[in-house]
Amino acid sequence: MNITVNGNQITERCAGAPTLEDVLVKLSKTAVPDNHMVSSVTVNGRHFTELYPGQSREINTEKIFDLNVDTVSLEQFAEASLKDGAVFVERIAAHALKTAELFRMYDETEANQHYAQLLESLRSLFHFISSLQTTLKWDFSKMLYQNEPVQREWQKMTELIDELMNVQEEGDWILLADLLEYELVPILENWKKIFAEK
C-alpha cells in the first residue's frame, strides 16, 4: 500500500494494520504533526468519509492500494470554523424565537421539548467558544466588541443561562419566553458579529 501524509511517503509505519481504521490510528500517532488533525482521506483515488460510525473498520487494507491523508493545524481549523459558528449561532437564535413563541401559546409540552433542544445547542455553543478561545488563544479581557471586552458578552450569556434555568424551575413560561426573545437572541446576535469580525 502506498501511503502519503501531507504529500510525504509513510508506508513503513503501517505494516500489519488490517483495516483502514487501524492505519488511520497508527498514522495519527506516528505521522500526523502535533497540533494537527486529519482533514481529508483519499482511498484509491476517491475521497473517503465514513457514512456511519466504524465504517473504516470494515475496510480491509488488502483492498487499499493508495491512501492519501491530509492534515490541517488546529488553529487553521478553528479559524475556518468561525464562519460555521456564525451560522450555528443564527440557527440557535431562530430556535430560541420558536421556543419563545411556543411558550407564549401555552403549548407547554412542545415548548419544553424545544427548550431542551435549545439548552443542548447552547451547551454546544459554549463548548465551541471555549475551544476557539483555547485554540486561537483568545483573551476575552483584551478582545473588544463595541468598545467593551468580549468577556462582558461571555459573562452576560452565562448569567442569562443561569436565569433561564431558575425561571424554568419556577414555571413562569411568559417570562421565560421574554428572556429568550429579548435577552438571549440579542446576545446571540452579538456573538454572530464577534465571529464575523475575527
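Keep in mind that this is a model prediction, so the values were computed, not measured.

Visitor: How would you sum up the side chain of Ser 40? Please name residues and give values.
Guide: In this structure, Ser 40 sits in strand S3 (residues 36-43). Classification of Ser 40 as buried rests on a relative accessible area of 18%. Residues in contact with Ser 40, not counting those within four places in the same chain, are His 47, Asn 68, Val 69 and Asp 70.

Visitor: Describe in detail the layout of surface pockets, supporting the description with residues and values.
Guide: In this structure, the largest pocket spans a volume of roughly 180 Å³. Phe 77, Ser 81, Phe 128, Ser 131 and Leu 132 are the residues nearest the centre of the largest pocket, which is lined by 13 residues in total. Going through the elements one at a time, helix H2 (74-104) and helix H3 (108-135) are the ones with two or more residues in the lining of the largest pocket. Partitioned by chemical class, the residues of the lining of the largest pocket number 6 nonpolar, 6 polar and 1 charged.

Visitor: Just give me the short version of helix H1 (residues 20-30), but keep the residues and values in it.
Guide: Residues three or four positions apart in an α-helix share a direction because the helix packs 3.6 residues into each turn. Those residues of H1 lying buried are Leu 20, Val 23 and Leu 27. Each buried residue of H1 lies within a common arc of 60 degrees when the element is viewed along its axis, so the set occupies one face. Where H1 is buried, its residues meet strand S1 (2-5), S3, strand S4 (46-48) and strand S5 (66-73).

Visitor: Lay out the sheet that holds strand S2 (residues 8-9) in plain terms, naming residues and giving numbers.
Guide: Two orientations exist for strands paired in a sheet by backbone hydrogen bonds: parallel and antiparallel. In spatial order, the strands read S2-S1-S5-S3-S4; together these 5 strands make up an open sheet with mixed pairing. Edge positions in the sheet fall to S2 and S4, since each has one partner strand and no second. Direction of pairing for S3 relative to S5: antiparallel, over a ladder of 7 bridges. When the sheet's bridge partners are listed, Met 37 is paired in S5 with Val 72. Packing against the sheet, H1 makes contact with S1, S3, S4 and S5, and its axis sits at approximately 40 degrees to S5. Set on the sheet, H2 makes contact with S3 and S5; between it and S5 the angle comes to about 75 degrees.

Thresholds, definitions, all that
- Residues numbered from 1 in each chain as written.
- Predicted model: local features only at pLDDT ≥ 70, side-chain atom pairs only at ≥ 80, totals over all residues.
- Heavy atoms only, no water.
- Helix = DSSP H or I, 4+ residues; strand = E, 2+ residues; numbered from the N terminus.
- Buried < 20%, exposed > 50% of the residue type's maximum accessible area, 1.4 Å probe, protein only.
- Contact = heavy atoms within 4.5 Å.
- 1 Å grid on protein atoms, 1.4 Å probe; cavity = no way out; pocket = protein on both sides within 12 Å on 5 of 7 lines; lining within 4 Å.
- Points joined across faces, edges and corners; volume = space filled by probe spheres on them.
- Nonpolar A, V, L, I, M, F, W, Y, C, P; charged D, E, K, R; others polar.
- Arc of directions from axis to C-beta.
- Pairing = 2+ DSSP bridges.
- Axes fitted to C-alpha atoms, helices over the stretch in contact; angles between N-to-C directions.

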